Amino acid sequence: MKNIYAIGVGLIGGSLTIDIKKNNPDVIIHGISRKDSTLDKALELKIIDKKATLDDIGNADLVIVSIPVDATVKLLPIILDKISDTGLVVDAGSTKEDICKAVENHPKRRNFLAMHPIAGTEHSGPTAAIDGLFRGKTNIVCEVEKTTFKLQEKALKLFTDIGMRIRYMNPVDHDKHIAYMSHLSHISAFMLGKTVIEKERNERDIFDMAGSGFASTVRLAKSSPEMWTPIFKQNKTNVIETLEEYISNLNHFKELMKDDNFEAIYDEMKNTNHIKDILNGIGSPT
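Quantities reported herein were computed from a predicted structural model and do not represent experimental measurements.

Colleague: Could you give an account of the pairing of strand S4 (residues 62–65), naming the residues involved and the relevant values?
Modeller: Alternating residues of S4 divide into Leu 62 and Ile 64 and Val 63 and Val 65, and every residue in both groups is buried. Taken together, the 4 bridges between strand S1 (residues 3–7) and S4 define a ladder with parallel strand orientation. Bridging across to S4, Ile 4 finds its partner in Leu 62. Here S4 runs beside strand S5 (residues 88–91); their pairing, made up of 4 bridges, is parallel. Looking across to S5, one finds that Leu 62 is bridged to Leu 88. Remark: the S4/helix H3 (residues 69–82)/S5 crossover connection has right-handed handedness.

Colleague: An account of helix H6 (residues 171–200) is requested, with residue identities and associated values reported.
Modeller: Across its 30 residues, H6 extends 41 Å between first and last C-alpha, which sits within 8% of the 44 Å expected from 1.5 Å per residue. Along H6, the sharpest kink reaches roughly 50 degrees, centred on Ala 179.

Colleague: Help me get a handle on the pairing of S1, residues and values and all.
Modeller: Burial of S1 is extensive: 5 of the 5 residues sit out of reach of the surface. Pairing analysis gives 5 bridges linking S1 to strand S2 (residues 28–32), with the strands arranged parallel. By the bridge assignment, Ile 4 is partnered in S2 with Ile 29. Remark: the S1/helix H1 (residues 11–23)/S2 crossover connection has right-handed handedness.

Colleague: Give a detailed account of the sheet that holds S5, specifying residues and quantitative values.
Modeller: A sheet is described by the order of its strands in space; here 8 strands give the open sequence S3-S2-S1-S4-S5-S6-S7-S8, paired in mixed fashion. Each edge of the sheet is formed by a strand with only one pairing partner; in this case those strands are strand S3 (50–51) and strand S8 (165–169). Sheet analysis places strand S6 (residues 112–118) next to strand S7 (residues 138–142), joined by 5 bridges and oriented antiparallel. From the neighbouring strand, Ala 114 faces S7, where its bridge partner is Cys 142. Sitting on the sheet, H1 is in contact with S1, S2, S4 and S6, with an inclination near 170 degrees to S2. Strand contacts of H6: S6, S7 and S8, with the helix running at about 110 degrees to S8, the strand carrying the most contacts.

The rules behind each value
Residues numbered from 1 in each chain as written. Predicted model: local features only at pLDDT ≥ 70, side-chain atom pairs only at ≥ 80, totals over all residues. Heavy atoms only, no water. Buried < 20%, exposed > 50% of the residue type's maximum accessible area, 1.4 Å probe, protein only. Helix = DSSP H or I, 4+ residues; strand = E, 2+ residues; numbered from the N terminus. Pairing = 2+ DSSP bridges. Right-handed = clockwise from strand over helix to strand, strands pointing away. Expected span 1.5 Å × (residues − 1). Bend = angle between axes of the 7 residues up to and from the residue. Contact = heavy atoms within 4.5 Å. Axes fitted to C-alpha atoms, helices over the stretch in contact; angles between N-to-C directions.

This is the structure in structure tokens:
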């Protein structure tokens, strides 16, 4: 691959181009963004080599789409219209069902690979892009059988070379599982932050008591609403289901507190400690 076009040069798109360029120094990274100032910053940080527009995509060997998922749904068919027969388009969206449906009947569906690299921080924009973000992380690939074999082979090598593990999943299952593993935690962080901010209006010194536990729990509340609102909208059904289960558990915990049933509370927390074994397993090589 010689010419790579990054549509979106923030945390995910920028970090991908940094890692790819590190492994393939002869590759030329072209950046596309709605804001020229974003591309100026990406050039300054050496995330991209050149500015580009959608009209240039016909020259692309690879197009990486990492923009809000609602914008991806609208833009993806247009990108596929412009891509050459030998070019590949990948997206990095946190939802997959709507994105895959948007191009399921497109004449160049074979030139698209739906994926979700599960990595990130609470920061956004070109300054958030970092080297090595994806090392040891999982890249979920959906509907791989719909992508031309030679193109998927090239792409998967590109992503495994930067240290990613590849896992295959259908879009419906992906969106259901990611609602539990990612979307719910972001909502929890946003609402915890909201609760504390509202309380802080009456108790100005509450943040003086905020330790590392609070900071780590609420960290995701610093994430971009522009990115997360469309994710919640596209995955509404699954997110509501996870919220109902989460709220049920919170209410159960509250009732145990009201009943002074601290033995049951201890058991609840002790049983939940098993999460560390699950997370250790996720972090281990497969």
